[in-house]
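In case you want the letters, here they are:
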Amino acid sequence: MAKERNFLIHPSYIIMFLLLAGITALFLGFSAAYLYNRIQQGIPPVKLPSMFYWNTLFLIFSSISLIYAKNSYKKDQTDSYKYALLTTLTLTVLFLVAQVKAWMQLQNQDIFIHYSNMAAYLYVISGLHFLHVLAGVPFLFWFVLMAFREMKSPMSVLLYFSDVAKQRNLRLLNIYWHFLDFLWIYLVIFFLANYLIQ
């Protein structure tokens, strides 16, 4: 195993925080544009379908299972670590499927992207979040695959748990996933508050 250079802050963390700053600016910009258009044009906001709330639960539980995976990693608990990662992946896929169902609920009410500016913003903002979750799935899948492939013998387990790069990547994955979780909760509260305060 190659020895890594020592950094005060590893470049991976800097890249991650720059990425999250960019995503934050993107969604805050869309939120501001949503409010501006709503106030200027006086268009009533769209009521969120029930599946948006179920989505929130799927994402929250996926974050909880990822925290459990991280804690299991720290305690060298092989089986708990592997199945917590698998649970996170499963819940994430459920979130993505449920989000498609949520858009179908909107369309069943004849609310399509061209229905109004508010509907367009709802589709675009939730769609952007969907894409950011989808972008993280290959990395999560890679963690699951590597865990089940590499952690077979006591020696391979020892090597896996002592790998500094894997430790760092797991922390980065946690940061990204929890960020998307909090972002989704913010978006649901944002759309719900706009609907309730008319």
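For the structure itself, consult the block above.
About the thresholds
Residues numbered from 1 in each chain as written. Predicted model: local features only at pLDDT ≥ 70, side-chain atom pairs only at ≥ 80, totals over all residues. Heavy atoms only, no water. Helix = DSSP H or I, 4+ residues; strand = E, 2+ residues; numbered from the N terminus. Buried < 20%, exposed > 50% of the residue type's maximum accessible area, 1.4 Å probe, protein only. Contact = heavy atoms within 4.5 Å. Expected span 1.5 Å × (residues − 1). Bend = angle between axes of the 7 residues up to and from the residue. Salt bridge = Lys/Arg side-chain N within 4 Å of Asp/Glu carboxyl O.

Visitor: Just to check I follow, could you spell out the overall build of the chain for this structure?
Guide: The number of helices and strands found in the chain is six helices and zero strands. Listing each helix as α and each strand as β along the chain from the N terminus yields α-α-α-α-α-α. C-alpha extents for the chain along the principal axes are approximately 65 × 35 × 25 Å. Evaluated residue by residue, the chain yields a buried proportion of 45% over its 198 residues. Looking at the chain alone, contacts between residues at least 24 apart form 83% of all its contacts between residues at least 6 apart.

Visitor: Which parts of the structure should I look at to understand helix α4 (residues 117-150)?
Guide: Each α-helix turn comprises 3.6 residues. Residues three or four places apart therefore point the same way. With 34 residues, α4 extends 50 Å between its outermost C-alpha atoms, agreeing within 8% with the 50 Å of an ideal straight helix rising 1.5 Å per residue. The sharpest bend along α4 reaches about 30° and sits at V137, with the proline P138 one to four residues further on.

Visitor: I'm lost on the pattern of salt bridges in this one. Help?
Guide: Pairing is possible between side chains that carry opposite charge, provided their charged atoms lie close to one another. With the rule as written, the count across this model stands at two salt bridges. E150 is the partner of K166 in a salt bridge, and the nearest nitrogen-oxygen pair spans 3.4 Å. Placement of K166 in helix α6 (residues 164-196) and of E150 in helix α4 is noted, with a sequence separation of 16 residues between them. You can call K166 buried: its relative accessible area is 12%. With a closest N to O distance of 3.2 Å, K166 and D163 form a salt bridge. One network of salt bridges, in which partners are shared, links E150, D163 and K166.

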